[in-house]
Amino acid sequence: MSTIYADNAATTRMSRTAIQAMLPYMDQIYGNPSSLHSVGQAAMEALTDARIRVAAALGAANPREITFTSGGSEADNQAIRSVAAWGKRKGKTHIISTAFEHHAVLHTLKKLEKEGFTVTYLDVHKNGIVTPEQVEAAITPETCLVTVMYANNEIGTIQPIREIGAVCRKAGVLFHTDAVQAVGHIPVNVQTDNIDLLSLSAHKFHGPKGVGVLYAKKGVILSNLIEGGAQERGKRAGTENLPGIMGMTAALEEAVAELPQTMPRLTALRDRLIAGLSEIPHGEVNGDLAHRLPGNVSFCFEGIEGESLLLLLDDKGVCASSGSACTSGSLDPSHVLLAIGRPHEVAHGSLRLSLDKDTTEADVDAIIAAVKDVVEQLRNMSPVWRDLMAGKRQFVIA
Ligand SMILES: *Cc1c(COP(=O)(O)O)cnc(C)c1O
């Protein structure tokens with residue numbers, strides 16, 4: 001039995017291009033970019049080149065706006081902490097975000113609340129989208145930062161980032177977006193999207209794990225989370241992960257160049273998968289169908305437990321997720337599904353399938369068959385399902 005990997009929102013397989021791009025920086029150009037000798041300077045040249053290429057791929061005006069980090073979580077932490085520190089100096093201690101951000105954002109904000117900041121968490125509409133009007137209405141003279149994710153990692157909904165950015169520009173408020181699920185999956189341009197700070201992570205677009213980027217527009221003052229050497233213009237100490245950075249750069253360029261082919265291809269596969277799973281009674285797709293990542297499928301099925309669903313799907317060779325890797329192992333339903341108004345009992349029956357460029361139509365058909373099988377099997381064993389069928393409980397999803 002071959003395995004179908006449909007959990008690309010958790011992490012991706014590295015592309016051959018990315019692996020090839022890393023190899024020379026492990027055994028040939030292995031110097032420390034801070035060293036003054038020729039071996040170090042060759043590494044520094046590569047680092048400079050990578051910064052220029054990453055800036056170009058994001059539409060950034062200047063390579064100096066690119067800071068290499070250990071991934072998306074660090075970039076989120078540093079972006080938010082930096083603007084908060086600046087805000088505090090200016091007497092601006094209000095931050096606006098949403099209820100369905102990644103935990104790297106939410107947990108940083110929770111800590112800032114303990115440190116005296118006020119955070120407004122915007123409600124997310126049932127379709128998994130927040131509007132620029134909501135952001136505009138929440139801005140006060142004390143607001144220093146708006147942080148709204150570009151695309152949600154569980155339900156795949158894409159936010160009106162350009163419009164939210166425009167609202168922030170008009171109000172003179174800095175705008176950060178966690179674009180970890182968006183970069184390399186849909187077109188992202190920091191300038192036309194009115195973005196001041198952006199986080200990305202290589203392992204979500206077929207690059208290596210443990211490397212990412214914080215984009216900060218010229219003029220935004222970064223503070224460092226890690227003290228030490230003067231790497232990254234003094235804003236991120238530590239010898240640069242050059243193999244990782246070179247692999248990320250290659251993966252980013254490859255993903256962006258392939259968008260015109262991968263987006264329509266994945267959209268068609270996604271819609272085929274959604275159509276197939278929609279045939280299961282008392283199940284429903286989560287999030288807007290139009291403003292949605294090309295590879296994301298997210299469903300709730302009534303009368304089942306997402307965890308059991310995943311285990312039985314794994315037995316059938318399908319690797320999926322119940323939503324977020326961060327909530328697995330906990331009994332709490334996903335904060336994202338609660339944020340879009342799913343009741344607890346429905347949120348427990350969630351399934352996320354995230355496709356990539358290797359996914360085939362045959363894979364999609366096999367996934368549909370497996371999910372149909374497993375949902376039926378679990379419902380047949382479920383006391384909750386028996387009560388629903390007997391009319392002792394009301395269905396939430398018609
Ligand atoms: C994966 C992810 C992160 C964290 O990125 P890491 O590189 O794994 O730290 C942050 N935000 C979102 C939306 C993600 O999907």
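Definitions and cut-offs
- Residues numbered from 1 in each chain as written.
- Predicted model: local features only at pLDDT ≥ 70, side-chain atom pairs only at ≥ 80, totals over all residues.
- Heavy atoms only, no water.
- Helix = DSSP H or I, 4+ residues; strand = E, 2+ residues; numbered from the N terminus.
- Rg over C-alpha atoms; globule rule 2.2 N^0.38 Å.
- Buried < 20%, exposed > 50% of the residue type's maximum accessible area, 1.4 Å probe, protein only.
- Contact = heavy atoms within 4.5 Å.
- Areas by Shrake-Rupley, 256 points an atom, 1.4 Å probe, with all protein chains shown as cover.
- Pairing = 2+ DSSP bridges.
- Axes fitted to C-alpha atoms, helices over the stretch in contact; angles between N-to-C directions.
- Domains from an automatic or database assignment.
- Buried area = accessible area lost by both parts, 1.4 Å probe.
- Salt bridge = Lys/Arg side-chain N within 4 Å of Asp/Glu carboxyl O.
- Near = heavy atom within 4 Å.
- Polar contact = N/O pair within 3.5 Å; in protein donor to acceptor, adjacent residues only side chain to side chain.
- Nonpolar A, V, L, I, M, F, W, Y, C, P; charged D, E, K, R; others polar.
- Parallel < 35°, antiparallel > 145°, perpendicular 65-115°, else oblique.
- Left-handed = near helix turned anticlockwise from the far one by under 90°.
- Expected span 1.5 Å × (residues − 1).
- Core = buried A, V, L, I, M, F, W, Y, C linked by side-chain atoms within 4.5 Å.

*Asks:* Tell me about the overall build of the chain, and please be specific about residues and values.
*Replies:* Within the chain, the regular secondary structure consists of 13 helices and 12 strands. Relative to the 2.2 N^0.38 estimate, which gives 21 Å for 398 residues, the radius of gyration of the chain is 22 Å and therefore close to what a compact globule would have. Projected onto the principal axes, the alpha-carbon positions of the chain cover approximately 75 × 50 × 35 Å. Burial statistics for the chain: of 398 residues in total, 56% are counted as buried. In the chain, the proportion of contacts linking residues at least 24 apart, taken out of those at least 6 apart, comes to 74%. As presented, the chain carries roughly 16,700 Å² of accessible surface, and 55% of it is formed by carbon and sulfur atoms.

*Asks:* Explain the sheet that holds strand β2 (residues 66-69) residue by residue, including any values.
*Replies:* Taken together, the seven strands give an open sheet; going across it, the order is β2-β8-β7-β6-β5-β3-β4, and neighbouring strands pair in mixed fashion. Each end of this open sheet is capped by a strand with a single partner; those strands are β2 and β4 (118-122). Between one strand axis and the next, the sheet turns through 20° on average, direction left out of account. The sheet contact formed by strand β3 (residues 94-98) and strand β5 (residues 143-147) spans three bridges and is parallel. Counted as the bridge partner of Ile 96 is Val 146 from β5. Across the face of the sheet, helix α4 (residues 72-90) comes into contact with β2, β3, β5, β6 (174-178), β7 (197-201) and β8 (212-216) while running at roughly 165° to β7.

*Asks:* Report on the domain arrangement of the chain, specifying residues and quantitative values.
*Replies:* Along its sequence, the chain is organised into domain 1 (4-10 + 260-389) and domain 2 (16-255). On the domain 2 side, the residues contacting the 26 residues of domain 1 number 28 residues. Carbon and sulfur atoms supply 57% of the area buried between domain 1 and domain 2, which totals about 2,200 Å² over both sides. The interface formed by domain 1 and domain 2 contains one salt bridge. Across the pair Lys 357 and Glu 254 runs a salt bridge whose closest N-O atoms are separated by 4.0 Å. Put simply, the parts of the chain that give the side of domain 1 that touches domain 2 at least two residues each are β10 (296-301) and α10 (335-339). If one sorts the elements of the side of domain 1 that touches domain 2 by residue count, α10 sits on top with four residues.

*Asks:* Quick one: what's the story with the site of the ligand, residue by residue and with numbers?
*Replies:* Around the ligand, the structure places 13 residues, and the nearest of them are Ser 73, Asp 178, Gln 181, Ser 201 and Lys 204. Ser 73 places a polar side-chain atom, nitrogen or oxygen, 2.7 Å from an oxygen atom of the ligand. Gln 181 places a side-chain nitrogen or oxygen 2.7 Å from an oxygen atom of the ligand. Protein chains bury 86% of the 380 Å² of accessible surface belonging to the ligand in isolation. No other element matches the three residues that α4 contributes to the shell around the ligand. In terms of residue class, the shell around the ligand is made up of two nonpolar, eight polar and three charged.

*Asks:* Could you give an account of the packing of helix α3 (residues 38-58) against helix α8 (residues 242-277), with specific residues and numbers?
*Replies:* Where α3 contacts α8, the axes come no closer than 10 Å and their chain directions differ by 30°. Relative to α8, the element α3 lies roughly parallel. Between α3 and α8 lies a crossing of left-handed hand. Contact residues: α3 offers Ala 43, Ala 46, Leu 47, Ala 50, Arg 53, Val 54 and Ala 57, while α8 offers Leu 242, Ile 245, Met 246, Thr 249, Ala 250, Leu 252 and Glu 253. In terms of residue class, the contact of α3 with α8 is built from 11 nonpolar, one polar and two charged.

*Asks:* Can you explain unusual backbone geometry? Please cite residues and give values.
*Replies:* In the Ramachandran plot, Asn 194 falls in the positive-phi region, its phi being about 60° despite a non-glycine side chain. Mapped onto the elements, Asn 194 comes out in the loop between β6 and β7. Note on Asn 194: relative accessible area 16%, which makes it buried. In the Ramachandran plot, Glu 232 falls in the positive-phi region, its phi being about 50° despite a non-glycine side chain.

*Asks:* Help me get a handle on α4, residues and values and all.
*Replies:* Taking 1.5 Å of rise per residue, 19 residues should cover 27 Å, and α4 covers 27 Å from first to last C-alpha, within 8% of that figure. Within α4, burial applies to Gly 72, Glu 74, Ala 75, Asp 76, Gln 78, Ala 79, Ile 80, Ser 82, Val 83, Ala 84 and Gly 87. Phi turns positive, to about 75°, at Gly 91, one or two residues after α4.

*Asks:* I'd like to hear about the pattern of salt bridges, residue by residue, with values.
*Replies:* Applying the stated rule across the entire model yields 19 salt bridges. We note a salt bridge from Arg 13 to Asp 358, for which the minimum N-O separation is 3.8 Å. With Arg 13 in the loop between β1 (4-5) and α1 (16-22) and Asp 358 in the loop between β12 (350-354) and α12 (361-381), this residue pair connects regions lying 345 residues apart in the sequence. Across the salt bridge formed by Lys 316 and Asp 373, the nearest N and O atoms sit 3.1 Å from each other. With Lys 316 in the loop between α9 (306-315) and β11 (318-319) and Asp 373 in helix α12, this pair connects stretches of sequence that are 57 residues apart. For Asp 373, a relative accessible area of 44% corresponds to the partly exposed category. If you follow the salt bridges from partner to partner, you end up with Asp 49, Arg 53 and Glu 253 in one network.

*Asks:* Just give me the short version of the nonpolar core, but keep the residues and values in it.
*Replies:* Grouped together as the largest cluster of nonpolar side chains are 63 residues, with contacts concentrated most on Phe 68, Val 146, Tyr 150, Val 183, Leu 198 and Phe 205. Here this core spans two domains, since at least three of its residues come from each of domain 1 (4-10 + 260-389) and domain 2 (16-255). With residues up to four places along the chain from it excluded, the contact list for Phe 205 reads Thr 12, Val 183, Gly 184, His 185, Leu 200, Met 248, Ala 251, Leu 252 and Ala 255. Core analysis: the second largest hydrophobic core is formed by 29 residues, Ile 274, Phe 299, Ile 304 and Ala 370 among them.

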